[in-house]
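Here are the chains, one letter per residue:
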Amino acid sequence: MKIRIEIDEGMAEDEVIIRCRGLTEEVTAVQKAVSDVVNASQRFPFYKGNTEYYLALDEILFFETDDSGISAHTKKEMYQTKYKLYELEDILPGVFMRVSKSTILNTRHIYSISRNLTASSVVAFEGTHKQVYVSRYYYKPLISKLEEKRLKHEK
């Protein structure tokens, strides 16, 4: 596969075009990777009281359900979102993953995972006291996703 970048300073907006002979797994993976980068830098509306904030998804550590709806957590703050958890699963980039019935986390921000064989495992994030629990059902898929990500970076 050849990759070429053409710079045209006269363009109003950046555009990524993928030319291929057919839609292979490799081409689909490239499309998804580009999509994930674009979506992670997009700003989404979040709320705190009567104020609307626009944050890049990459700032979000995790989403969780609570008494007041769906909360989005950054290292220092907590915001509300109007999306349902199942809607977030559909629109979030591939770095986000559901890890329990009530939580979706950003795998880019995982600092450590304390495994517990009989109950939920605990994920910690760097630079904050915040943690999330990973149910036993989602533990193996999470580890697989992290391993897959690690292998991609080694290539």
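Now for a quick tour of the structure. Note that the coordinates shown come from a computational prediction; the quantities given were computed from them, not determined experimentally. (Residues numbered from 1 in each chain as written. Predicted model: local features only at pLDDT ≥ 70, side-chain atom pairs only at ≥ 80, totals over all residues. Heavy atoms only, no water.)

Let's shift gears to the overall build of the chain. A tally of helices and strands in the chain yields three helices and 10 strands. Helices (α) and strands (β) of the chain occur, in sequence order from the N terminus, as α-β-β-β-β-β-α-β-β-β-β-β-α. Viewed in the frame of its principal axes, the chain has a C-alpha envelope of about 50 × 40 × 30 Å. In the chain, buried positions account for 32% of the 155 residues. Contacts spanning at least 24 positions in sequence make up 42% of the contacts within the chain whose residues lie at least 6 apart. When the accessible surface of the chain is split by element, carbon and sulfur atoms take 50% of a total near 11,300 Å². Positive and negative side-chain charges in the chain, numbering 23 and 23 respectively, have mean positions lying 6 Å apart. (Helix = DSSP H or I, 4+ residues; strand = E, 2+ residues; numbered from the N terminus. Buried < 20%, exposed > 50% of the residue type's maximum accessible area, 1.4 Å probe, protein only. Contact = heavy atoms within 4.5 Å. Areas by Shrake-Rupley, 256 points an atom, 1.4 Å probe, with all protein chains shown as cover. Lys, Arg positive; Asp, Glu negative; His and termini not counted. Charge placed at Lys NZ, Arg CZ, Asp CG, Glu CD.)

This next bit is on the pattern of salt bridges. Overall, the coordinates contain five salt bridges when judged by the stated rule. The partner of Glu6 in a salt bridge is Arg4, with the nearest N and O atoms 2.9 Å apart. Across the pair, Arg4 and Glu6 agree in class, each one exposed. When the shortest N-O distance is used, the salt bridge between Glu59 and Arg43 registers 3.7 Å. Of the two residues, Glu59 is situated in the loop between strand E2 (51-56) and strand E3 (62-66) and Arg43 in strand E1 (residues 43-48); the sequence distance between them amounts to 16 residues. For Glu59, a relative accessible area of 37% corresponds to the partly exposed category. (Salt bridge = Lys/Arg side-chain N within 4 Å of Asp/Glu carboxyl O.)

As a further point, take the nonpolar core. Counting residues in hydrophobic clusters, the biggest one holds 15 residues, and the most contacted among them are Phe46, Phe63 and Phe96. Going through the elements one at a time, E1, strand E4 (69-73) and helix H2 (85-91) are the ones with two or more residues in this core. Residue contacts for Phe46: discarding those within four places in its chain leaves Thr51, Glu52, Tyr53, Leu55, Leu57, Ile60, Phe63, Ala72, Tyr79, Gln80 and Thr81. Judged by nonpolar contacts, the second largest core, of 12 residues, contains Phe62, Val99, Val134 and Leu142. (Core = buried A, V, L, I, M, F, W, Y, C linked by side-chain atoms within 4.5 Å.)

As a further point, take the pairing of strand E6 (residues 96-100). The buried fraction of E6 is high, at five of five residues. Counted along the chain from E6 to the antiparallel partner strand E7 (residues 103-106), the turn is two residues long. (Pairing = 2+ DSSP bridges.)

Further remarks concern the sheet that holds strand E10 (residues 131-134). As summarised here, the arrangement of the three strands in space is E8-E9-E10, forming an open sheet in which the pairing is antiparallel. At either margin of the open sheet sits one strand with a lone partner, and together these are strand E8 (110-114) and E10. Ignoring strand direction, the axes of neighbouring strands in this sheet form an average angle of 25°. Two elements, E8 and strand E9 (residues 121-125), share four bridges in a ladder whose sense is antiparallel. Paired with Ile113 across the bridge in E9 is Val123. (Axes fitted to C-alpha atoms, helices over the stretch in contact; angles between N-to-C directions.)

This part is about the layout of surface pockets. Here the largest pocket defines a volume of roughly 1,200 Å³. Lining the largest pocket we find 23 residues, and of these Lys2, Arg4, Ile17, Ile18 and Arg19 sit closest to its centre. Of the residues assigned to the lining of the largest pocket, the class counts are 12 nonpolar, two polar and nine charged. (1 Å grid on protein atoms, 1.4 Å probe; cavity = no way out; pocket = protein on both sides within 12 Å on 5 of 7 lines; lining within 4 Å. Points joined across faces, edges and corners; volume = space filled by probe spheres on them. Nonpolar A, V, L, I, M, F, W, Y, C, P; charged D, E, K, R; others polar.)

By themselves these figures say nothing about function.
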